[in-house]
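# Examining the three-dimensional arrangement
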Amino acid sequence: MDNKKSLSEIEKLRDNLQNTDLPANLRDKALEQIERINLTLKYGGNLSQIDITAKYIDWITNIPWFKKTEDILDIKRAQEILDKNHYGLKKIKERILEYISILILQKQKKQNEKIDYHAPILFFVGLAGTGKTTFALSIAEVLGKKFVRIPFGGLSSALDLRGQAKTSPEAEPGMIVKALRRAGSINPVILLDELDRVTPEARSAIMGVLIEILDPGQNRNFVDYFIDYPIDLSQVLFVATANNTNNISTAVLDRLEIIQMPSYTDEEKIAIAKNYILPHYLKKTGLSPDNLQIEESVWPKIIRPLGFDPGIRSVERKIEEIVRKIAYKIVLGYGINFIINENNLKEYM
């Protein structure tokens, strides 16, 4: 990189900092880094730091320090969305509606006095396919918040959450900062998915970082090692999931409100398959209900193809397979209206 081009790059970094809404002392800190590179360039020094600084400035200028979405606090709308997205689960829906009710009262009272209310961290625990992740998505939809998922399955280092200090070009922020950047707001719903599936050797360190992230007394000043500046996570609505609580530390559990997800009965699975899953895949594939009809006698065979399953993932896979095969037949010109019955079910599954 020649000197003229380097000076141009430095000027771009400086402009980027000045044109982004940042905490004032963070901007000053970044400007100091740019000036050090500028001096190095003027006196013929090594420019190896310019890429690292450019990467750092790209990250700090894309964290939504002051950007937020306005919460939608409408209890009737919330009830409608929960009923649209989920069959049954009355007690769990009530718990979500109670939470929204508190937010509504809090907002009304804020006009007269300051209230410091910390949202509970809902922790959905249950077997695979029982709706844990989709409930987290519904909470974001109900409140009008952005939604980001952080998968903990196989997470092998606390640095994956907290980031790595910028001592090498490969260093980067952790998953929390990346989630905020993807969300584009400082108050999204962040799903901490499958907390029980972190690797055993890293579990203790990861649980330690989780305490800092989830504790309202600490998460106002969360420090990512790469960003090296406190980030306020107090406006983030964290939601967590796990299959069980065996591998989660007591200190972390103390900061979570456990909501046990029940297994589905065959009758519930049929209702979900007919009223939620099938219409979803028909719409997704561009088909109409006239293109595909499934006789009543077939549903028990679809929901129990290989014996009992507590969740609905296998049901989803089977219905997706059926819809996919129907779409293929329509494109090939074999017809436009198909009925699945006991005689032809094997053709589609």
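This report concerns the structure included in the present document. (Residues numbered from 1 in each chain as written. Predicted model: local features only at pLDDT ≥ 70, side-chain atom pairs only at ≥ 80, totals over all residues. Heavy atoms only, no water.)

### Examining the overall build of the chain
A tally of regular secondary structure across the chain gives 14 helices and nine strands. Dimensions of the chain, computed from the C-alpha atoms along their principal axes, are close to 85 × 55 × 45 Å. When burial is assessed residue by residue, the chain has 45% of its 349 residues classed as buried. Taking all contacts inside the chain whose residues are at least 6 apart in sequence as the whole, residues at least 24 apart take part in 77%. Carbon together with sulfur atoms contributes 50% to the accessible area of the chain, which is approximately 18100 Å² in total. Positive and negative side-chain charges of the chain, numbering 48 and 46 respectively, have mean locations separated by a distance of 1 Å. (Helix = DSSP H or I, 4+ residues; strand = E, 2+ residues; numbered from the N terminus. Buried < 20%, exposed > 50% of the residue type's maximum accessible area, 1.4 Å probe, protein only. Contact = heavy atoms within 4.5 Å. Areas by Shrake-Rupley, 256 points an atom, 1.4 Å probe, with all protein chains shown as cover. Lys, Arg positive; Asp, Glu negative; His and termini not counted. Charge placed at Lys NZ, Arg CZ, Asp CG, Glu CD.)

### Here we look at the packing of aromatic side chains
Per the counting criterion, the structure on display carries three aromatic pairs. Centre to centre, the rings of Trp-65 and Tyr-229 are 5.8 Å apart; their planes meet at 85°, and the pair counts as edge-to-face. Taken as a pair, Trp-65 in the loop between helix 3 (49–60) and helix 4 (75–85) and Tyr-229 in the loop between strand 4 (222–223) and strand 5 (230–231) lie far apart in primary sequence, 164 residues in all. With respect to burial, Trp-65 and Tyr-229 carry one shared label: buried. Directly above the aromatic system of Tyr-56 lies the positively charged group of Lys-166, at a separation of 4.2 Å from the ring centroid. (Phe/Tyr/Trp six-rings, centres within 6.5 Å; stacked < 30°, edge-to-face > 60°. Lys NZ or Arg CZ within 6 Å of the ring centre and 35° of its normal.)

### Side note on the nonpolar core
Formed by 59 residues in total, the largest nonpolar core has its most connected members in Phe-152, Leu-192, Ile-227 and Phe-238. Per-element tally for this core: the top contributor is helix 9 (residues 203–214), with seven residues. Contacts of Leu-192, omitting those with residues within four sequence positions, involve Ile-150, Phe-152, Leu-210, Leu-214, Phe-238, Val-239, Ala-240 and Thr-241. Core analysis: the second largest hydrophobic core is formed by 50 residues, Val-142, Tyr-264, Leu-278 and Leu-287 among them. (Core = buried A, V, L, I, M, F, W, Y, C linked by side-chain atoms within 4.5 Å.)

### Notes on helix 2 (residues 24–42)
Over its 19 residues, helix 2 extends 27 Å from the first C-alpha to the last, a length consistent with the 27 Å expected when each residue adds 1.5 Å. Residues of helix 2 that are buried include every one of Leu-26, Arg-27, Ala-30, Leu-31, Gln-33, Ile-34, Ile-37, Asn-38 and Leu-41, and no others. Taken around the axis of helix 2, the buried residues stretch over an arc of 155°, which confines them to a single face. Summarising the geometry of helix 2, the exposed residues directed more than 90 degrees from the buried face are Ala-24, Arg-36 and Lys-42. (Expected span 1.5 Å × (residues − 1). Arc of directions from axis to C-beta.)

### What about the pattern of salt bridges?
What the rule picks out here adds up to 17 salt bridges. Close ionic contact of Lys-145 with Asp-71 constitutes a salt bridge, the shortest N to O distance being 3.0 Å. A residue pair is termed long-range when its members are at least 10 positions apart, and Lys-145 in the loop between helix 6 (132–143) and strand 2 (147–151) and Asp-71 in the loop between helix 3 and helix 4 qualify at 74 residues. For Lys-145, a relative accessible area of 11% puts it in the buried group. Glu-194 serves as the salt-bridge partner of Arg-197, at 3.1 Å between the closest nitrogen and oxygen. (Salt bridge = Lys/Arg side-chain N within 4 Å of Asp/Glu carboxyl O.)

### Some thoughts on the packing of helix 4 against helix 6
Contact geometry of helix 4 with helix 6 gives a least axis separation of 10 Å together with a crossing angle of 150°. Looking at the two axes, helix 4 sits roughly antiparallel to helix 6. In this structure, the crossing between helix 4 and helix 6 has a hand that is right-handed. Every residue of helix 6 that contacts helix 4 at Arg-77, Ala-78, Ile-81, Leu-82, Lys-84 and Asn-85 is listed here: Phe-135, Ser-138, Glu-141 and Val-142. A per-class count over the contact of helix 4 with helix 6 returns five nonpolar, two polar and three charged. (Axes fitted to C-alpha atoms, helices over the stretch in contact; angles between N-to-C directions. Parallel < 35°, antiparallel > 145°, perpendicular 65-115°, else oblique. Left-handed = near helix turned anticlockwise from the far one by under 90°. Nonpolar A, V, L, I, M, F, W, Y, C, P; charged D, E, K, R; others polar.)

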